Amino acid sequence: MKEIITSVGDKIVKSSLGWQVSISSIDSMVYQESDKIILFKIEDYPDAMGELEWTIYIPVQCRWEGANDQEMIDQEKLDEIIDRISTAFWKLDMKIKEIA
């Protein structure tokens, strides 16, 4: 099945594979798969031309929240999530400066 990625307004991106990225405020973003979530801190900075670039901060101990547990996320899954976040920011026309 081919993945279909759609933006819902200017703050949410949803995938037909069941994941979603939501910009919840100017300084936070939520990645979600079914009933599990990860909260990321984000910051925006203007580049040399004045266009906003975003820095996304990965939690030190990256864990799923919800679903009755605090399951740790392995590096392979985290790489997949980061790729999906990058795709979501591209879909929302938000430039990523770095993922730290």
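For the structure itself, consult the block above.
The following refers to the structure shown. All of these numbers come straight from a predicted model, not from anything done at the bench.

1. Some words on a negative patch on the surface
On the surface, Asp74, Glu76, Asp79 and Asp83 cluster together into a negatively charged patch. Inspection of the secondary structure puts Asp79 in helix 1 (residues 75-91).

2. Description of the packing of aromatic side chains
Aromatic ring pairs are reported here in terms of the distance separating the ring centres and the angle at which the planes meet. A full pass over the atoms with the stated rule returns two aromatic pairs. Between the aromatic rings of Trp19 and Tyr31, the centroid separation amounts to 6.3 Å while the plane-to-plane angle is 20°, which identifies the pairing as stacked. Taken as a pair, Trp19 in strand 3 (residues 19-25) and Tyr31 in strand 4 (residues 28-33) lie far apart in primary sequence, twelve residues in all. Of the two residues, Trp19 and Tyr31, neither departs from the other in class, the shared state being buried. Centroid distance Tyr31 to Trp64: 6.2 Å. Interplanar angle 35°. Geometry classified as tilted. Of this pair, Tyr31 sits in strand 4 while Trp64 sits in the loop between strand 6 (52-57) and helix 1; the two residues are 33 residues apart in sequence, bridging distant segments of the chain. Overall, Trp64 belongs to the buried group, its relative accessible area being 4%. It is Lys97 that lies over the ring of Tyr45; its NZ or CZ is 5.5 Å from the centre.

3. Some words on the environment of Val30
By the element assignment, Val30 lies in strand 4. With eleven residues separating them along the chain, Val30 and Lys41 place their C-alpha atoms 8.8 Å apart.

4. Topic: the pattern of salt bridges
A complete count under the given rule lists seven salt bridges for this structure. Note that Glu33 is salt-bridged to Arg84, the shortest N-O span being 3.0 Å. Of this pair, Glu33 sits in strand 4 while Arg84 sits in helix 1, placing them 51 residues apart in sequence. Here Glu80 ties to Arg84 by a salt bridge, and the two come within 3.2 Å at their closest N and O atoms. Taken together, the residues span about one helical turn, with Glu80 and Arg84 both in helix 1 at a distance of four residues. For Arg84, a relative accessible area of 16% gives the class buried.

About the criteria used
- Residues numbered from 1 in each chain as written.
- Predicted model: local features only at pLDDT ≥ 70, side-chain atom pairs only at ≥ 80, totals over all residues.
- Heavy atoms only, no water.
- Patch = residues over 30% accessible without salt bridge, like charges linked within 9 Å, V, L, I, M, F, W, Y side chains within 5 Å.
- Areas by Shrake-Rupley, 256 points an atom, 1.4 Å probe, with all protein chains shown as cover.
- Salt bridge = Lys/Arg side-chain N within 4 Å of Asp/Glu carboxyl O.
- Lys, Arg positive; Asp, Glu negative; His and termini not counted.
- Charge placed at Lys NZ, Arg CZ, Asp CG, Glu CD.
- Helix = DSSP H or I, 4+ residues; strand = E, 2+ residues; numbered from the N terminus.
- Phe/Tyr/Trp six-rings, centres within 6.5 Å; stacked < 30°, edge-to-face > 60°.
- Buried < 20%, exposed > 50% of the residue type's maximum accessible area, 1.4 Å probe, protein only.
- Lys NZ or Arg CZ within 6 Å of the ring centre and 35° of its normal.

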